[in-house]
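Residue-level structural notes
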Amino acid sequence: MAGSCTVRFVDPEHDSVNGRKRSERPQRTHHEVADALRARIRSGALRPGERMPTQAQLAHEFGVERGAVRQALRVLQAERLLTNVSKGSPATVAPDPVGALTGPQAPPLPTTVALAPRIAAAFAAEHVEIDAVCLTSISLTLAIGEPLRQIHAGRLKPAKVDVRVLLPSRDIDLAFPVPVEGGGDDWVHERWLAMRNAQGQVLQHNLLALRATHGIDVRVTFRALPFTPPVKLYLLNGTEALFAYYTLMRREAEADHEQPALYDAQGTQSMLFAFRQGAGLRDTTFVEQSHLWFNALWETISSELVLTS
């Protein structure tokens, strides 16, 4: 061939609306835009009741299309940090963004929606402290991805991170997941154990990597419980408690396998209730008592946990 050419596919609608050429640098995702705006709201750079810049202004600032801006604004609206999100006018910072998703007026949301922004907000502290009780650490592992992205982008800079996680011991008979008909549950236990260990190892690896990449003092510790926790609990920086019930459901057998139906809990979809110290007597007491409960388990009947098969 005498030569070659590169064909670039450009969205004409967005190019004409923005009236500018696309940047050659990789475009930010709507998650990154939401992260940046969330940090401004949390820091007070954007004050309660203040009108946001227009979507066109935000698109120009972040070098993204308006669709990405709209997605980012919807994320922040779901977190109750913004109000009046629409195409017609700029959004408004919520009257109480610090209390969003916490306190007596906060609606419960699925763990996958509610946990990540609260974990990210906790990482804004100089000394991050997270305690968790759960069946596996999958929700926490997923949620930690949010502050890790912000740390690598230079938007969060904690000096120290302490994470403690209580998980069921490998040596107990789990209350769930279990076969509906009972018996023959060795494969169920082994599958749960593999999940517990794999997610815990990923969580540990991702956090400890911050030592080498950013010089952050990190400690991640696991201990084993002699029972199956019927609830999940996350304690953040001594000031917040996030609580959810493990509600059991029947999961039907897979059609192409001989595996029986199970009673299991969908932990990532559990509705998470948020409590914040200082948001009232009820919330403050719940946070304090949750810490007492966690520390009592940690210091008494829990045992050393090694994440191996």
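Everything numeric in this text was worked out from a predicted model, so none of it was measured.

Helices and strands together make up the secondary structure of the protein chain, namely eight helices and 13 strands. Burial analysis of the protein chain (309 residues in total) assigns 45% to the buried set. Of the contacts formed within the protein chain by residues at least 6 apart in sequence, a portion of 72% connects residues at least 24 apart. A total accessible area of about 15900 Å² is found for the protein chain, and carbon and sulfur atoms account for 53% of it.

To continue, consider the pattern of salt bridges. Applying the stated criterion across every chain, the model contains eight salt bridges. In this structure, Arg-149 engages Glu-146 in a salt bridge whose closest nitrogen and oxygen atoms are separated by 2.6 Å. With Arg-149 and Glu-146 both in helix H6 (residues 138-152), this residue pair falls three residues apart, about one helical turn. The exposure class assigned to Arg-149 is partly exposed, which follows from its relative accessible area of 41%.

Reading across the sheet, the three strands line up as E6-E11-E10 and stay open at both edges, with antiparallel pairing between neighbours. Since the sheet does not close on itself, it has two edges, and those belong to strand E6 (178-179) and strand E10 (248-251), each with one partner. Here two bridges tie E6 to strand E11 (residues 262-265), and the two strands are oriented antiparallel to one another. What sits directly across from Pro-179, in E11, is Leu-262.

Take the environment of Arg-223 next. Tracing the sequence through the fold places Arg-223 in strand E7 (residues 217-225). On the accessibility criterion, Arg-223 (22% relative accessible area) is partly exposed. C-alpha separation for the pair Arg-223 and Ser-169, spaced 54 residues apart in sequence, amounts to 8.2 Å. If we skip the residues at most four places from it in the chain, Arg-223 touches Val-165, Leu-166, Leu-167, Trp-298, Ser-302, Ser-303, Glu-304 and Leu-305. At a separation of 3.4 Å, a polar atom in the side chain of Arg-223 contacts the main-chain carbonyl oxygen of Trp-298.

This part is about the confidence of the model for the protein chain. Averaged over every residue, the pLDDT of the protein chain is 84; residues scoring 70 or more account for 83%. Confidence, read as mean pLDDT per element, is least for helix H1 (residues 12-18) in the protein chain (38) and greatest for strand E5 (residues 160-168) (98). Residue range residues 1-25 is modelled with pLDDT below 50. Its contacts to residues more than four positions away, or to other chains, number 20 contacts.

Below, the discussion takes up the environment of Ser-270. Within the element layout of this structure, Ser-270 appears in the loop between E11 and strand E12 (271-276). As for Ser-270 and Thr-247, which are separated by 23 residues in sequence, their C-alpha atoms are 7.3 Å apart. Excluding its chain neighbours within four sequence positions, the residues that come into contact with Ser-270 are Leu-109, Pro-110, Thr-111, Ala-244, Tyr-245 and Tyr-246.

In spatial order, the strands read E3-E12-E9-E8-E4-E5-E7-E13; together these eight strands make up an open sheet with mixed pairing. Only two strands of the sheet have a single partner each, and these edge strands are strand E3 (109-110) and strand E13 (303-304).

For the rest of this paragraph, the subject is the packing of aromatic side chains. On inspection of all chains with the given rule, the structure shows five aromatic pairs. Clustering of aromatic rings is evident, with ring pairs tying together Phe-243, Tyr-245, Phe-275 and Phe-286. Cation over ring: Arg-164 sits above Trp-298, and NZ or CZ is 5.0 Å from the ring centre. Across from the ring centre of Trp-298, 6.0 Å away, lies the NZ or CZ of Arg-223, which sits over that ring.

For any two helices packed against each other, the geometry is given by the interaxial angle and the distance between the axes. As a packed pair, helix H5 (residues 111-122) and H6 sit with axes 8 Å apart at the nearest point and diverge in direction by 40°. Judged on the interaxial angle alone, H6 and H5 are oblique. When you trace H5 past H6, the crossing you get is right-handed. Residue-level inspection shows Thr-111, Leu-115, Ala-116, Ile-119 and Ala-120 of H5 in contact with H6, the latter providing Ser-139, Leu-140, Ala-143, Ile-144, Glu-146, Pro-147 and Gln-150. In terms of residue class, the contact of H5 with H6 is built from eight nonpolar, three polar and one charged.

This next bit is on the environment of Asn-206. Counting through the fold element by element, Asn-206 comes out in helix H7 (residues 186-214). Expressed as a C-alpha distance, the spacing of Asn-206 and Gly-145, which sit 61 residues apart in the sequence, is 8.6 Å.

Criteria and cut-off values
Residues numbered from 1 in each chain as written. Predicted model: local features only at pLDDT ≥ 70, side-chain atom pairs only at ≥ 80, totals over all residues. Heavy atoms only, no water. Helix = DSSP H or I, 4+ residues; strand = E, 2+ residues; numbered from the N terminus. Buried < 20%, exposed > 50% of the residue type's maximum accessible area, 1.4 Å probe, protein only. Contact = heavy atoms within 4.5 Å. Areas by Shrake-Rupley, 256 points an atom, 1.4 Å probe, with all protein chains shown as cover. Salt bridge = Lys/Arg side-chain N within 4 Å of Asp/Glu carboxyl O. Pairing = 2+ DSSP bridges. Polar contact = N/O pair within 3.5 Å; in protein donor to acceptor, adjacent residues only side chain to side chain. pLDDT = per-residue confidence, 0-100. Phe/Tyr/Trp six-rings, centres within 6.5 Å; stacked < 30°, edge-to-face > 60°. Lys NZ or Arg CZ within 6 Å of the ring centre and 35° of its normal. Axes fitted to C-alpha atoms, helices over the stretch in contact; angles between N-to-C directions. Parallel < 35°, antiparallel > 145°, perpendicular 65-115°, else oblique. Left-handed = near helix turned anticlockwise from the far one by under 90°. Nonpolar A, V, L, I, M, F, W, Y, C, P; charged D, E, K, R; others polar.

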